[in-house]
Amino acid sequence: MLDIENLNVWFGDGRDRVDAVKAATFSVKQGESFGLVGESGSGKSTILRAITGLAPHWSGRITVDGTDLGKRRDRAFYKKVQMVFQDPYASLHPRHSVDQVLSETLYLHGVGDIDKRVSTLLEDVGLGARFRFRYPHQLSGGQRQRVAIARALAGEPKLLLLDEPTSALDVSVQAEILNLLTDLREDRGLTYLMVSHDLPVVSHMCERLAVMKSGEIVEMMGVETLRKMTPSHPYSQSLLGASVSHKITA
Amino acid sequence: MTLLEVEDLWVKFPTRQGIFEAVRGVSFSLGKERLGIVGESGSGKSMTGRAILRLIRKPGIVEAGHITLEGTDLMQLSEKEMRKVRGQRISMVMQDPKFSLNPVMTIGAQMMEAYLLHKNTSKTQARAKSLEMLKAVSISDPERVMRAYPHEMSGGMGQRIMIAMMLIPDPQILIADEPTSALDVSVQRQVLDIMDRLVTERGMGLIFISHDLNLVAEFCDRVLIMYAGRVVEVCDADRLHEAKHPYTQGLLNSLPRIEDPRKHLVALKRDDAWAEAPSVSGVKADA
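The present account deals with the structure reproduced in this document.

Cut-offs applied
- One numbering rule holds for all chains: residues counted from 1, following each sequence as written.
- Naming scheme: in the order in which they are written, chains are lettered from A and ligands are numbered from 1.
- Totals for whole chains, interfaces and linings use every residue, but because this is a predicted model, local features are given only for residues with pLDDT of at least 70 and side-chain atom pairs only at 80 or more, for both listing and counting.
- As a rule here, side-chain values come from all non-hydrogen atoms in the structure, and water together with hydrogens is ignored.
- Ring pairs are drawn from Phe, Tyr and Trp, using the six-membered ring of Trp, whenever the two centres fall within 6.5 Å, and their geometry is named by plane angle: stacked under 30 degrees, edge-to-face over 60, tilted for the rest.
- Secondary structure elements are taken from DSSP: a helix is a run of H or I of four residues or more, a strand is a run of E of two residues or more, and numbering for both begins at the N terminus.
- Each residue is placed in one exposure class: buried if its accessible area under a 1.4 Å probe, protein chains only, is under 20% of its type's maximum, exposed if it is over 50%, and partly exposed if it falls in between.
- Only lysine NZ and arginine CZ atoms are considered, and such an atom sits over a ring when it is within 6 Å of the ring centre and within 35 degrees of the ring normal.
- Multiplying one less than the number of residues by 1.5 Å gives the expected span of a helix.
- Here a residue-residue contact requires only that any non-hydrogen atoms of the pair lie within 4.5 Å.
- We call a pair of cysteine sulfur atoms a disulfide whenever their separation is within 2.5 Å.
- Buried area is calculated as the accessible area (1.4 Å probe) missing from two parts once they are joined, with the contributions of both summed.
- Salt bridges are counted wherever a side-chain nitrogen of Lys or Arg sits within 4 Å of a carboxyl oxygen of Asp or Glu.
- Residues were grouped as follows: Ala, Val, Leu, Ile, Met, Phe, Trp, Tyr, Cys and Pro as nonpolar; Asp, Glu, Lys and Arg as charged; and all remaining residues, including Gly, as polar.

**Let's talk about the packing of aromatic side chains**
Throughout the structure, instances matching the rule amount to 6 aromatic pairs over all chains. Ring plane angle 55° and centroid distance 5.1 Å describe the contact between Phe208 of chain B and Phe219 of chain B, whose orientation is recorded as tilted. Of this pair, Phe208 of chain B sits in strand S9 (residues 205–210) while Phe219 of chain B sits in helix H9 (residues 213–219); the two residues are 11 residues apart in sequence, bridging distant segments of the chain. According to the relative accessible area criterion, Phe208 of chain B is buried, its value standing at 0%. You can call Phe219 of chain B buried: its relative accessible area is 1%. Taken together, a centroid distance of 5.5 Å and an interplanar angle of 80° make the contact between Tyr227 of chain B and Trp274 of chain B edge-to-face. You can see Tyr227 of chain B sitting in strand S10 (residues 222–227) and its partner Trp274 of chain B sitting in helix H11 (residues 272–276), a full 47 residues away along the chain. A residue is classified by how much of its surface remains accessible, and Trp274 of chain B, at 8% relative accessible area, is buried. Clustering of aromatic rings is evident, with ring pairs tying together Tyr227, Tyr247 and Trp274 of chain B. Here Arg73 of chain A stacks its cationic end above the ring of Phe77 of chain A, 5.4 Å away from the centre of that ring.

Here it is, written out as structure tokens:
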């Protein structure tokens, strides 16, 4: 579904050049859920931004569903790939109602029968019709994230890029959103590429994951390795150790 | 020994739809210990912390039987007297260092300002004290940090600087409102280690406000669990996993676990009765 080969992403140039991602190579199969973990600044979100075309400078090869990506992304690409952002408070237009957000997206994807599609989309993400004419400030964080997911699903994408989809939410709401994502993947055969710093969340959602450190992928592992806590790279071990226990040895 | 005692605390906000009660009848005591307050967003945990320092702005209303800090009732103090309590006797560390440091002042200048405001001393001494505090929070090159501006610091450094600033006047109580939720797990641990050391070495009382149950369970001594403005359960932190209240159990169950895979997570089912039941008292019996 997604193949990334020798991907480099950088910002600035000359003396100020920062290499955010260095020679990243991985692939995600159709229907699979793949996790990218690491600390802030390790370049995990930058990979997602490079795939969607939000990073200005990159080199290497990105192939989605058999098509190599160039500098520009066309409409067909955005029908196939969609992204859900971290902060549902920032990613929805404050002056657009849920209906406007979804109808506009559907219109841009060239879908017909918008009225009916909006209600099915809301149904799909577990929001009833009564949410249709609300504005973002009238929704809770979890409900907003559901709207953001509905928007991503509007063009019936195959690959969903999830950038810390639940880190701004309470644990009880996080459980609901993660369940929704699990069900959607099963129903629609979606492929997920998920970025998170929360290892338990990644272990719950993904079959395979890559650990990143300062722009480089240091290790790739299956989720069983994570569960048994037997990663081979020392950095993954320390990351795992830190997130499993905050125990203070006083 | 009890440092702080709060009895029947209410925080109310008048709105067009009537009075909104953010905190409803919370009572607890704090000794030289680490007291955790956990709950979801909107449960009133941050408001409780702010109300103790009387930081709730108008039109918000704070009502309490008493908030006693070593014999003085903070509710009776004038605004001027209250300024002597804030910072010097009770300090607060906020969630995000990016919003709590002045972006156009060097860190050194900000730290020294705080010290000079509270104590009647010379600049040289303020500088020495600031350097000492930066060292106390494990900053390796305090001289450079003193000259730097906040944007040059990482999140973890910023939060440590905040803690260092709060510690200069040597307060008896530190209120930490989500001090580590903006930080990475590995940095989170360093910051917690520092706070832990300060509590044990200086004999401070710590109120640790967080939404992270596991973190609180491992870091604190006692935990208050808040729901809809009330304390629904008080328990010893090491026995949080044996919690009785369905809300606490629900929160714990909704967390994904690395060692225990399952297809669906248990979603929390809320019961209106939780919000109605009166607050459980968090006053320690032997205090």
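Back to the text.
**Considerations on helix H5 (residues 141–153) of chain A**
Residue and element names in this part refer to chain A. Relative to the 18 Å expected for 13 residues at 1.5 Å per residue, H5 spans 18 Å between its end C-alpha atoms, a close match to the ideal helical length. The element H5 is extensively covered by neighbouring structure, given that 11 of its 13 residues are classed as buried. For H5, every residue scored as buried is listed here: Gly141, Gly142, Arg144, Gln145, Arg146, Val147, Ala148, Ile149, Ala150, Ala152 and Leu153. Buried-residue contacts for H5 involve strand S6 (81–84), helix H3 (98–108), helix H4 (114–124), strand S7 (159–163) and helix H6 (171–188).

**Points about the state of the cysteines**
Linking two cysteines covalently via their sulfur atoms produces the bond known as a disulfide. Residue and element names in this part refer to chain B. The final tally for this structure, using the stated rule, is 0 disulfides over all chains. Not engaged in a disulfide, the cysteine Cys235 finds its nearest cysteine sulfur in Cys220; these two sulfurs lie 11 Å apart. Of the residues examined, Cys235 reaches a relative accessible area of 12% and is grouped as buried.

**Some words on the interface of chain A and chain B**
Note: interface size is frequently given as the accessible area lost on complex formation between the parts. Contacts between the two partners involve 31 residues from chain A, matched on the other side by 29 residues from chain B. Across the chain A/chain B interface, buried area totals approximately 2800 Å², and carbon plus sulfur atoms make up 58% of it. Counting across the interface, chain A meets chain B through 1 salt bridge. Tallying contributions element by element places H6 of chain A first for the side of chain A that touches chain B, with 10 residues. In terms of residue class, the side of chain A that touches chain B is made up of 13 nonpolar, 11 polar and 7 charged.

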